[in-house]
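Here is how the chains run, residue by residue.
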Amino acid sequence: MSTLLPRLRAVFRLGPSRPEAAPVKLRQGRIYILPTKSGLAFAGMLAIMLIVSINYSISLGYAFTFLLGGVGTASALCAFCNLFQLSIRYGKAEPAFPGGNVVFHLLIENPDSRRRPALRLIGNDNQGETSFDLPPNTCSEILLALPAQRRGVLPIGRTVIETRWPLGLIRAWSVLIPNMEALVFPTPEIGSPPPDRFPSDRPADLGSLCPGNEDFAGLRAFRDTDSPRRVAWKVYARDGKMMTKEFSASASGELLFNWYDLPAWLPEEARLSRIATWLLLARQAEERYALWLPACEFPATRGEAHLRRCLGALARHETGQEKR
């Protein structure tokens with residue numbers, strides 16, 4: 001039984017099966033109507049009233065039964081008309097870090113001269129919900145926040161727009177799958193060690209040294225986070241001491257965050273988290289920096305747009321990409 005119910009829901013799932021292009025217009029065939037729990041109770045009450053009126057020939061009972069039945073029918077029509085002819089277009093999607101919320105912007109247009117009250121936008125699997133009204137002849141920007149659970153690309157998924165206006169007896173809804181996706185950046189590493197050329201006592205002072213390799217600057221004691229490529233193996237063979245080579249930055253003082261300079265034993269997700277932390281530090285210090293990943297490279301520059309591009313590349317990084 002536990003596996004049968006999800007299968008039945010999948011078989012009878014209404015709406016599109018793949019992302020659709022904008023604009024999405026809610027026409028007659030896309031709007032579904034069913035009674036709510038209150039509506040079922042209301043229908044049951046009408047049935048009892050009708051049976052009692054028939055058994056006892058109560059004329060006033062007939063009048064109330066058909067009057068209330070007409071109210072229920074009008075409620076269904078009002079709920080349908082509250083969604084009919086709405087037009088939905090897609091806006092931007094705001095990225096987030098795991099544990100936060102990505103925010104999708106949808107533009108919903110009401111082409112009529114009447115207000116559309118008591119609407120709700122519900123995210124995939126009820127993960128997010130927004131209630132709103134639409135003024136007449138306007139296009140409103142509606143925000144839908146969904147939880148960012150793990151790094152990667154998060155599509156908005158199946159989204160429901162519904163209403164139970166005016167009496168809550170009828171639920172009218174439509175299902176859409178907007179062609180929208182947001183990025184979930186890697187979680188910044190807590191207590192992340194500074195890069196090799198960051199002064200350990202001044203992690204925000206990024207301009208003094210950077211991971212260049214133009215000029216040999218000297219040796220320092222080996223740290224567990226150092227790349228084996230930087231180890232002075234000749235010194236180790238001669239004296240038995242683990243030392244790490246340091247190289248001074250180029251004249252431009254630019255920083256280079258190189259995927260392959262990280263320790264080989266560090267897992268991919270941990271590498272992404274560490275690089276994300278370094279990117280945020282570099283942005284905070286307003287330094288120029290470049291990023292080299294297995295699948296792409298970003299030349300050195302600074303600014304918020306550059307940070308978003310680099311973090312976006314980390315979010316889109318596919319596991320195992322380094323080995324391809």
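Residues numbered from 1 in each chain as written. Predicted model: local features only at pLDDT ≥ 70, side-chain atom pairs only at ≥ 80, totals over all residues. Heavy atoms only, no water.

Examining the side chain of S273
1) Next: As for its position among the elements, S273 is in helix α5 (residues 268–284).
2) Next: Judged by its relative accessible area of 14%, S273 falls in the buried class. (Helix = DSSP H or I, 4+ residues; strand = E, 2+ residues; numbered from the N terminus. Buried < 20%, exposed > 50% of the residue type's maximum accessible area, 1.4 Å probe, protein only.)

What about the sheet that holds strand β14 (residues 255–258)?
1) Next: With mixed pairing, three strands are arranged side by side in an open sheet as β14-β15-β16. Either end of the sheet is taken by a strand with one partner, and the two such strands are β14 and β16 (297–301). The sheet shows a mean angle of 10 degrees between the axes of neighbouring strands, taken without regard to direction.
2) Next: Bridge analysis of β14 against strand β15 (residues 289–292) gives four bridges, and the strand direction is parallel. By the bridge assignment, L255 is partnered in β15 with Y289.
3) Next: Relative to β16, helix α6 (residues 304–316) is tilted by about 155 degrees, and along the sheet it contacts β15 and β16. (Pairing = 2+ DSSP bridges. Axes fitted to C-alpha atoms, helices over the stretch in contact; angles between N-to-C directions. Contact = heavy atoms within 4.5 Å.)

Points about the pairing of strand β10 (residues 170–176)
1) Next: Taken across its seven residues, β10 has six buried, putting it largely inside the fold.
2) Next: With four bridges joining them, strand β2 (residues 32–35) and β10 adopt antiparallel strand pairing. Bridge pairing in β10 links L34 to R171.
3) Next: The sheet contact formed by strand β9 (residues 159–163) and β10 spans five bridges and is antiparallel. Within β10, the residue paired with E162 across the bridge is W173.

Some points on the confidence of the model for the protein
1) Next: Averaged over all residues, the pLDDT of the protein is 84; the fraction at 70 or higher stands at 82%.
2) Next: Put simply, helix α1 (residues 4–11) is where the protein has its lowest mean pLDDT, 50, and strand β4 (residues 101–110) is where it has its highest, 96. (pLDDT = per-residue confidence, 0-100.)

Section: helix α2 (residues 37–56)
1) Next: Between its first and last C-alpha, α2 extends 29 Å over 20 residues, near the 28 Å set by a 1.5 Å rise per residue.
2) Next: Of the residues making up α2, those classed as buried are G39, F42, L46 and S53. One face of α2 carries all of its buried residues, which in axial projection span an arc of 55 degrees. More than 90 degrees from the buried face of α2, the exposed residues found are K37, L40, A41, I48, I51, N55 and Y56.
3) Next: For α2, the secondary structure elements touched by its buried residues are β2 and α3 (59–83).
4) Next: Directly beyond the C-terminal end of α2, a positive phi value near 50 degrees is found at S57. (Expected span 1.5 Å × (residues − 1). Arc of directions from axis to C-beta.)

Section: the sheet that holds strand β5 (residues 116–122)
Pairing between the strands of a sheet is mediated by backbone hydrogen bonds and can be parallel or antiparallel.
1) Next: Strand order in the open sheet made by the five strands is β2-β10-β9-β5-β6, with antiparallel pairing throughout. Edge positions in the sheet fall to β2 and β6 (129–134), since each has one partner strand and no second. When the angles between neighbouring strand axes are averaged without regard to direction, this sheet yields 25 degrees.
2) Next: With respect to the sheet, α3 is in contact with β2, β5, β9 and β10, its orientation differing from that of β10 by roughly 25 degrees.

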